[in-house]
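Chain residues, written in single-letter form:
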Amino acid sequence: MLTGDCALDLPVRPAGGAPEPAPFGPPELALRPAVEILQFEPADQTVARSIAAGRFEFTHRYATQRSRLTESGIEVHTCEPDTFTICEDEPLSAAVRCERRYGLARGDDWRARLESVSEMRADAATFRVSTSLRAFDNEECLFSRTWTFDIPRDGV
């Protein structure tokens, strides 16, 4: 890349006798809205093993919550489990599945929900990734798309 006559000029504080710059004040935050917790499930992790198949599964579930913003009445729901699997003596059987569900609702007037599922596996040369996204208005799916792509492992 050629830089030609490019230059970068930065401000310089004079040495000796110059006053210290004013310190930053505390961060400013917006007020948090009042929230009513309607349902809460703490984060959890489970481990499963199939002895006959030699298959191991680890699932991490982030805290699941359904809450209501008191002022607007909007309900928010989240659910985010991640599942990792592998078979004994088969490192290329390793896979991960990440699910995300986010919902917004206000009474019976409207309900919107996004659901995504991403999976990754690998063979000796390639990571294989698949992601799907669906958007709902009440129970009607308004949008659905799936992306798949491969990433060369390049020795990884």
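As a reminder, the structure under discussion sits directly above these lines.
Residues numbered from 1 in each chain as written. Predicted model: local features only at pLDDT ≥ 70, side-chain atom pairs only at ≥ 80, totals over all residues. Heavy atoms only, no water.

Asker: Would you mind going over a nonpolar patch on the surface with me for this structure?
Answerer: Together, Leu-142, Phe-143, Trp-147, Phe-149 and Ile-151 line one region of the surface with nonpolar side chains, adding up to about 450 Å² of accessible area. Position of Leu-142 among the secondary structure elements: in strand E10 (residues 140-152). (Patch = residues over 30% accessible without salt bridge, like charges linked within 9 Å, V, L, I, M, F, W, Y side chains within 5 Å. Areas by Shrake-Rupley, 256 points an atom, 1.4 Å probe, with all protein chains shown as cover. Salt bridge = Lys/Arg side-chain N within 4 Å of Asp/Glu carboxyl O. Helix = DSSP H or I, 4+ residues; strand = E, 2+ residues; numbered from the N terminus.)

Asker: Even after reading the chapter, I still don't get the pattern of salt bridges, so can you show me in this structure?
Answerer: Pairing is possible between side chains that carry opposite charge, provided their charged atoms lie close to one another. Enumeration according to the criterion identifies 14 salt bridges in this entry. Glu-80 serves as the salt-bridge partner of Arg-100, at 3.8 Å between the closest nitrogen and oxygen. Remark: Glu-80 occurs in the loop between strand E5 (74-79) and strand E6 (81-87) and Arg-100 occurs in strand E7 (residues 90-106); sequence separation between them is 20 residues. Of the two residues, Arg-100 and Glu-80, both sit in the buried class. Across the salt bridge formed by Arg-113 and Glu-139, the nearest N and O atoms sit 3.5 Å from each other. Here Glu-139 lies in the loop between strand E9 (126-137) and E10 and Arg-113 lies in strand E8 (residues 110-122), a separation of 26 residues in the sequence. The exposure class of Arg-113 is partly exposed, given its relative accessible area of 21%. (Buried < 20%, exposed > 50% of the residue type's maximum accessible area, 1.4 Å probe, protein only.)

Asker: Sorry, what's going on with the side chain of Thr-59 here?
Answerer: Along the chain, Thr-59 falls in strand E3 (residues 55-61). Only 3.3 Å separates the side chain of Thr-59 from the side chain of Thr-83, close enough to count as a polar contact. Residues in contact with Thr-59, not counting those within four places in the same chain, are Asp-44, Gln-45, Thr-46, Asp-82 and Thr-83. (Polar contact = N/O pair within 3.5 Å; in protein donor to acceptor, adjacent residues only side chain to side chain. Contact = heavy atoms within 4.5 Å.)

Structural measurements only, silent on function.
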